[in-house]
Amino acid sequence: MISQQEYQKMVQKSSPKSTTFKNCVKAFVVGGAICVLGQSLYAMYEHFGAQKDLAGSLVAITLIFIAIALTGFGVFDNIVNFAGAGASVPITGFANAVAAPAIEFKKEGFILGVGAKMFIIAGPVIVYGTISSMIVGAIYYFVQK
Amino acid sequence: MQYLWAFLVGGAICVIGQLLIDKTKLTSARILVFFVVAGVILGGVGVYQHLVDFAGAGASVPITGFGNLLAKGVKEEIDRAGVIGILTGGLKATAAGIMAAVVLSFAAALIFQPKSK
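Residues numbered from 1 in each chain as written. Chains lettered and ligands numbered in written order. Predicted model: local features only at pLDDT ≥ 70, side-chain atom pairs only at ≥ 80, totals over all residues. Heavy atoms only, no water.

1. Thoughts on the overall build of chain B
Working step 1: A tally of helices and strands in chain B yields 6 helices and 0 strands.
Working step 2: Projected onto its principal axes, the C-alpha coordinates of chain B cover approximately 50 × 35 × 30 Å.
Working step 3: Looking at the 117 residues of chain B, the share that counts as buried comes to 46%.
Working step 4: Counting contacts in chain B only where the partners sit at least 6 residues apart, residues at least 24 apart contribute 53% of the total.
Working step 5: Accessible surface, chain B: about 5,600 Å² in total, of which carbon and sulfur atoms supply 72%.
Working step 6: Side-chain charges in chain B split into 9 positive and 5 negative, and the spacing between the mean points of these groups amounts to 14 Å. (Helix = DSSP H or I, 4+ residues; strand = E, 2+ residues; numbered from the N terminus. Buried < 20%, exposed > 50% of the residue type's maximum accessible area, 1.4 Å probe, protein only. Contact = heavy atoms within 4.5 Å. Areas by Shrake-Rupley, 256 points an atom, 1.4 Å probe, with all protein chains shown as cover. Lys, Arg positive; Asp, Glu negative; His and termini not counted. Charge placed at Lys NZ, Arg CZ, Asp CG, Glu CD.)

Here it is, written out as structure tokens:
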């Protein structure tokens, strides 16, 4: 028999690790599944004659549409609670990060609520993404010359 | 086969994100920024495109793929239009995704009511 204290120690020792492992498995499976869905959509759009770039854009738009609809119906939060980064790292997470505050802050009005809060997470992503792309572009330009 | 690679690579990228969440306590905004900038850098040096060619949506659907698209767009626009491409290329390439997210989120804000807490 083990005492309650010993048992608590054992739980403390093993639980953070195992929850991380479980979280990673869930993130892996759900994240992978979202990418497989993206791949199927890509095949479908290509089948209907879309060129490479167009098919890619259509896949992104479709996944964004699905994620925002699920956000509106309040389902996306449940998926994130379950899958963590599996749902938030794909483009679906970006879409959710725009839609969720847009809906949530509707009560603060359409200008400073919806219009402003929409970019509370997407803003930094776009700011740092575009600035780093400019740096990459500047280096590329001068290396080419 | 393409589907298997999409699953494995896409899943693996999400696991990196999950490890960052669990081990570093970074907020999701910081993680998204980190992933996008990582995608831009990997795209800038030309590594990420190989991953996209190999794993398809497994590399393009995660937000790192958005970063790669920013870098790719800038390079293509510089090739096409010259120096102005540094300024215009990134947003041009990612416009569809950003506009879709903005306009659909606006529509969602019109349609749906916030959850009362």
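2. Considering helix α7 (residues 119-144) of chain A
Working step 1: Under the 1.5 Å per step criterion, the end-to-end length of α7(A) is 35 Å for 26 residues, consistent within 8% with the ideal 38 Å.
Working step 2: A:Ala122, A:Gly123, A:Val125, A:Ile126, A:Gly129, A:Thr130, A:Ser132, A:Ser133, A:Val136, A:Gly137, A:Tyr140 and A:Tyr141 are the residues of α7(A) that are buried.
Working step 3: Against the buried residues of α7(A) lie α5 (91-104) of chain A together with α2 (28-44), α5 (63-81) and α6 (85-111) of chain B. (Expected span 1.5 Å × (residues − 1).)

3. Some words on the side chain of B:Glu77
All names here are of chain B.
Working step 1: Along the chain, Glu77 turns up in helix α5.
Working step 2: Side chain to side chain, Glu77 and Lys92 meet in a polar contact 3.0 Å long.
Working step 3: Setting aside residues no more than four positions away along its own chain, Glu77 makes contact with Gly82, Gly85, Thr88, Gly89 and Lys92. (Polar contact = N/O pair within 3.5 Å; in protein donor to acceptor, adjacent residues only side chain to side chain.)

4. Focus on the side chain of A:Ser88
Working step 1: Along the polypeptide, A:Ser88 turns up in helix α4 (residues 85-88).
Working step 2: Contacts of A:Ser88, omitting those with residues within four sequence positions, involve A:Gly93, A:Phe94 and B:Leu32.

5. What to know about unusual backbone geometry
Working step 1: Phi is positive for B:Lys25, close to 60°, though the residue is something other than glycine.
Working step 2: Here B:Lys25 lies in the loop between α1 (2-24) and α2.

6. Some remarks on the state of the cysteines
Working step 1: Tallied over the entire structure, the rule returns 0 disulfides over all chains.
Working step 2: Left without a disulfide partner, A:Cys24 is nearest to the cysteine sulfur of B:Cys14, which lies 11 Å away.
Working step 3: A:Cys35 carries a free sulfur, and the closest cysteine sulfur to it, the one in B:Cys14, is 5.7 Å from it.
Working step 4: Its relative accessible area of 0% is what places A:Cys35 among the buried residues. (Disulfide = S-S within 2.5 Å.)

7. Brief notes about the packing of α2(B) against α5(B)
All names here are of chain B.
Working step 1: Contact geometry of α2 with α5 gives a least axis separation of 7 Å together with a crossing angle of 40°. As judged from the angle between their axes, α2 and α5 are oblique. The way α2 lies across α5 gives a crossing that is right-handed. Across from Leu32, Phe35, Val36, Gly39, Val40, Gly43 and Gly44 in α2, the residues of α5 making contact are Ile63, Thr64, Phe66, Gly67, Asn68, Leu70, Ala71 and Lys75.
Working step 2: Looking at side-chain class alone, the contact of α2 with α5 contains 8 nonpolar, 6 polar and 1 charged residues. (Axes fitted to C-alpha atoms, helices over the stretch in contact; angles between N-to-C directions. Parallel < 35°, antiparallel > 145°, perpendicular 65-115°, else oblique. Left-handed = near helix turned anticlockwise from the far one by under 90°. Nonpolar A, V, L, I, M, F, W, Y, C, P; charged D, E, K, R; others polar.)

8. Observations concerning the interface of chain A and chain B
Working step 1: Contacts between chain A and chain B engage 66 residues on the former and 64 residues on the latter.
Working step 2: Of the roughly 5,300 Å² buried at the junction of chain A and chain B (both faces included), carbon and sulfur atoms supply 79%.
Working step 3: On the chain A side of the interface with chain B, the three residues burying the most area are A:Phe28, A:Gln39 and A:Val89, jointly 12% of the side's total.
Working step 4: Two residues, A:Asp53 and B:Lys72, come together in a salt bridge whose shortest N-O distance is 4.0 Å. (Buried area = accessible area lost by both parts, 1.4 Å probe. Salt bridge = Lys/Arg side-chain N within 4 Å of Asp/Glu carboxyl O.)

9. A word on the packing of aromatic side chains
Working step 1: Counted according to the given criterion, the structure contains 7 aromatic pairs over all chains.
Working step 2: Between A:Phe110 and B:Phe106, the aromatic rings sit 5.9 Å apart at their centres with planes inclined by 70°, giving edge-to-face as the arrangement. Of this pair, A:Phe110 sits in helix α6 (residues 110-117) while B:Phe106 sits in helix α6, placing the two residues on different chains.
Working step 3: Directly above the ring of A:Phe105 sits A:Lys117, whose terminal nitrogen or CZ lies 4.4 Å from the centroid. (Phe/Tyr/Trp six-rings, centres within 6.5 Å; stacked < 30°, edge-to-face > 60°. Lys NZ or Arg CZ within 6 Å of the ring centre and 35° of its normal.)

10. A look at the environment of A:Val136
Working step 1: In this fold, A:Val136 is placed in helix α7.
Working step 2: Here A:Val136 falls in the buried class, since its relative accessible area comes to 13%.
Working step 3: Residues within four places of A:Val136 in sequence aside, it is in contact with B:Val40, B:Gly44 and B:Ala71.

11. Let's talk about the nonpolar core
Working step 1: In terms of nonpolar packing, the biggest core is built from 59 residues, with A:Ile91, A:Phe94, B:Val61, B:Ile63 and B:Phe66 touching the most fellow members.
Working step 2: When residues of this core are assigned to their parent elements, the largest contribution, 8 residues, is made by α5(A).
Working step 3: Ignoring any residue separated from it by four or fewer positions in sequence, one finds B:Ile63 in contact with A:Val89, A:Pro90, A:Ile91, A:Phe94, B:Leu32, B:Phe35 and B:Val36.
Working step 4: Counting 5 residues, the second largest nonpolar core, distinct from the first, contains A:Tyr141, B:Val74, B:Ile78 and B:Ile86. (Core = buried A, V, L, I, M, F, W, Y, C linked by side-chain atoms within 4.5 Å.)

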